[in-house]
Amino acid sequence: MNHITIPSQGYELAADWYDGNSGEVLLVLVGYASSKQNYQDMITAIVEQTGTSALVLDYRGHGESPLTLGEVSPEQNLADVLTAYDWIV
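Note that this is a predicted model, so its numbers are computed, not measured.

J.: Now, about the packing of aromatic side chains: what can you tell me, with residues and values included?
T.: If you walk through the whole model with that rule in mind, you get 1 aromatic pair. Aromatic side chains tryptophan 17 and tryptophan 87 sit 5.5 Å apart centroid to centroid with 70° between the ring planes, which places their arrangement in the edge-to-face category. In this pair, tryptophan 17 is assigned in strand β2 (residues 11–18) and tryptophan 87 in helix α2 (residues 74–88), connecting sequence segments 70 residues apart. On the basis of relative accessibility, which here comes to 17%, the residue tryptophan 17 falls in the buried class. Overall, the relative accessible area of 38% leaves tryptophan 87 in the partly exposed class.

Listed below in structure tokens is the structure:
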């Protein structure tokens, strides 16, 4: 697993990239008020068992983000997801 950042509208999203060998990529969107760190064991197991690569991100206001949930709009979180998808593509 590699810790990376992805630029998103003047902001840097914290993300983890798990490199698989199947050519497929899983975009993992963690739950409300959660973080990518909480999913490390599960994502590692999925990648090892399936060979699928995975991108797990902390939305703004989650995990490693310096922002709080109250400072972030749902539209900004959606922009983060779209940016992560575009990064994969």
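J.: Tell me about the pairing of strand β1 (residues 2–8), residues and numbers included.
T.: Pairing of β1 with β2, which is carried by 7 bridges, proceeds in the antiparallel orientation. In the strand pairing of β2, isoleucine 4 is matched with alanine 15. Following β1, the chain reverses through 2 residues before pairing antiparallel with β2; glutamine 9 in that reversal takes a positive phi of roughly 55°.

J.: For the sheet that holds β1, give the residues involved together with the corresponding values.
T.: Taken in spatial order, the 4 strands make up an open sheet running β1-β2-β4-β3, and their pairing is mixed. Each edge of the sheet is formed by a strand with only one pairing partner; in this case those strands are β1 and β3 (25–29). Each neighbouring strand pair of the sheet contributes to a mean axis angle of 30°, computed without reference to strand direction. Across the sheet, α2 touches β1, β2, β3 and β4 (53–58), and the angle it forms with β1 is around 115°.

J.: Pulling in residues and values, what's your account of the pattern of salt bridges?
T.: Scanning the entire structure with this criterion turns up 2 salt bridges. A salt bridge links aspartate 16 to lysine 36, with the nearest nitrogen and oxygen atoms 3.1 Å apart. Highlighted residues: aspartate 16 in strand β2 and lysine 36 in the loop between β3 and α1 (40–50), separated in sequence by 20 residues. Given the relative accessible area of 0%, aspartate 16 is considered buried. Among the ionic pairs, arginine 60 bridges to aspartate 80, the shortest N-O distance being 2.8 Å. Here arginine 60 is found in the loop between β4 and α2, whereas its partner aspartate 80 is found in helix α2, with 20 residues between them in sequence. Looking at arginine 60, the relative accessible area reads 4%, which means it is buried.

Rules of the game
- Residues numbered from 1 in each chain as written.
- Predicted model: local features only at pLDDT ≥ 70, side-chain atom pairs only at ≥ 80, totals over all residues.
- Heavy atoms only, no water.
- Phe/Tyr/Trp six-rings, centres within 6.5 Å; stacked < 30°, edge-to-face > 60°.
- Helix = DSSP H or I, 4+ residues; strand = E, 2+ residues; numbered from the N terminus.
- Buried < 20%, exposed > 50% of the residue type's maximum accessible area, 1.4 Å probe, protein only.
- Pairing = 2+ DSSP bridges.
- Axes fitted to C-alpha atoms, helices over the stretch in contact; angles between N-to-C directions.
- Contact = heavy atoms within 4.5 Å.
- Salt bridge = Lys/Arg side-chain N within 4 Å of Asp/Glu carboxyl O.

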